[in-house]
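# Coordinate inspection notes
Each chain, letter by letter, is given below.
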Amino acid sequence: MKKFAVSVLLVVTLNGLGLAQCTSKTDGYVTSSGYKVSVAKPCAMWFISDALDIPRNGLQGLILIAEQNDMVIIGTVVRPKATLDTSAATLLKLMRLSNDLDYVKIGLDSDGDLFVRVEVRSRMLDAAEFKATVQDVIKASAKAYAATK
């Protein structure tokens, strides 16, 4: 997740150098989603900043959407390592929650941050599936956040 975050920050910094014409279907789904969207990398990476109920702190509270080749990843950092209780009881709650959720991954990245994400093939994604997937991430992030209080 750290490499991803550094990449995102670099892309955001360089974003002003020029915008290319985007033909990505995912771009259309993101920009017409009704959420507040920031483009991190044209045709490849976006942030939604007004969809989650969890507190916003850095990347926590932002939905990250990335597309590369045939994969679209929609996810969020639920808790950074610094605020995550990694006791056995909390991790057990998260494991049980992971079992209850369909198609959503819950995990700890290499930096120790708690995330939820969905990975889907772009060729299988349409506007309705995109909206449903964003809602799955929103619901899962709220449950994961509550499980770690």
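Residues numbered from 1 in each chain as written. Predicted model: local features only at pLDDT ≥ 70, side-chain atom pairs only at ≥ 80, totals over all residues. Heavy atoms only, no water.

### So, the sheet that holds strand β1 (residues 37–41)
To be explicit about the condition: When DSSP locates at least two bridges between a pair of strands, those strands are taken to pair. A run of H or I in DSSP becomes a helix once it reaches four residues, and a run of E becomes a strand once it reaches two; helices and strands are each numbered from the N terminus. Note on geometry: axes are lines fitted to C-alpha atoms, helical ones only across the stretch in contact, with angles between N-to-C directions running from 0 to 180 degrees.
Strand order in this open sheet of six strands is β1-β2-β3-β4-β6-β5, and the pairing throughout is antiparallel. Of all the strands in the sheet, just β1 and β5 (105–108) have a single pairing partner and so form its edges. Adjacent strand axes in the sheet meet at a mean angle of 25°, parallel and antiparallel pairs treated alike. Across four bridges, β5 lies against strand β6 (residues 114–121) in antiparallel orientation.

### With respect to the side chain of D27
Counted only if it meets this: Exposure classes here rest on a 1.4 Å probe applied to the protein chains alone. A residue is buried below 20% of its type maximum, exposed above 50%, and partly exposed in between. Positive charges are assigned to Lys and Arg, negative charges to Asp and Glu, while His and the chain termini are left out of the count. For this analysis, a salt bridge means a side-chain nitrogen from Lys or Arg found within 4 Å of a carboxyl oxygen belonging to Asp or Glu. For this analysis, residues touch if any pair of their heavy atoms sits within 4.5 Å.
By secondary structure assignment, the location of D27 is in helix α2 (residues 25–31). Of the side chains with opposite charge, K41 lies nearest to the buried D27, which makes no salt bridge, at 13 Å. Not counting chain neighbours up to four residues away, the residues in contact with D27 comprise C22 and W46.

### A short note on the pairing of strand β3 (residues 63–68)
It is a general feature of regular strands that their side chains alternate between the two faces of the sheet. Of all six residues in β3, five are buried, a share of seventy percent or more. Here strand β2 (residues 45–48) runs beside β3; their pairing, made up of four bridges, is antiparallel. Looking at the pairing, F47 lines up with L64 of β3.

### Let's talk about the confidence of the model for the protein chain
The condition that has to hold: The predictor rates its confidence in each residue with pLDDT, a number between 0 and 100.
The predicted model of the protein chain has a mean per-residue pLDDT of 87, with 87% of residues at 70 or higher. Predicted confidence is poor over residues 6–14, with pLDDT under 50, and the contacts of this stretch with residues over four places away or in other chains come to six contacts.

### Describing the environment of V137
As for its position among the elements, V137 is in helix α4 (residues 127–147). A sequence separation of 34 residues divides V137 from Y103, and the C-alpha atoms of the two residues are 9.7 Å apart.

### Focus on the pairing of β1
The sheet contact formed by β1 and β2 spans four bridges and is antiparallel. By the bridge assignment for β2, K41 is matched with M45. The loop that links β1 with its antiparallel partner β2 comprises three residues; one of these, C43, has a positive phi angle of about 70°.

### Overview of unusual backbone geometry
Positive phi, close to 70°, is recorded for C43, a residue that is not glycine. Within the fold, C43 resides in the loop between β1 and β2. Look at N69: it is not a glycine, yet its phi comes out positive at around 55°. Structurally, the position occupied by N69 is in the loop between β3 and β4 (71–79). For N69, a relative accessible area of 73% corresponds to the exposed category.

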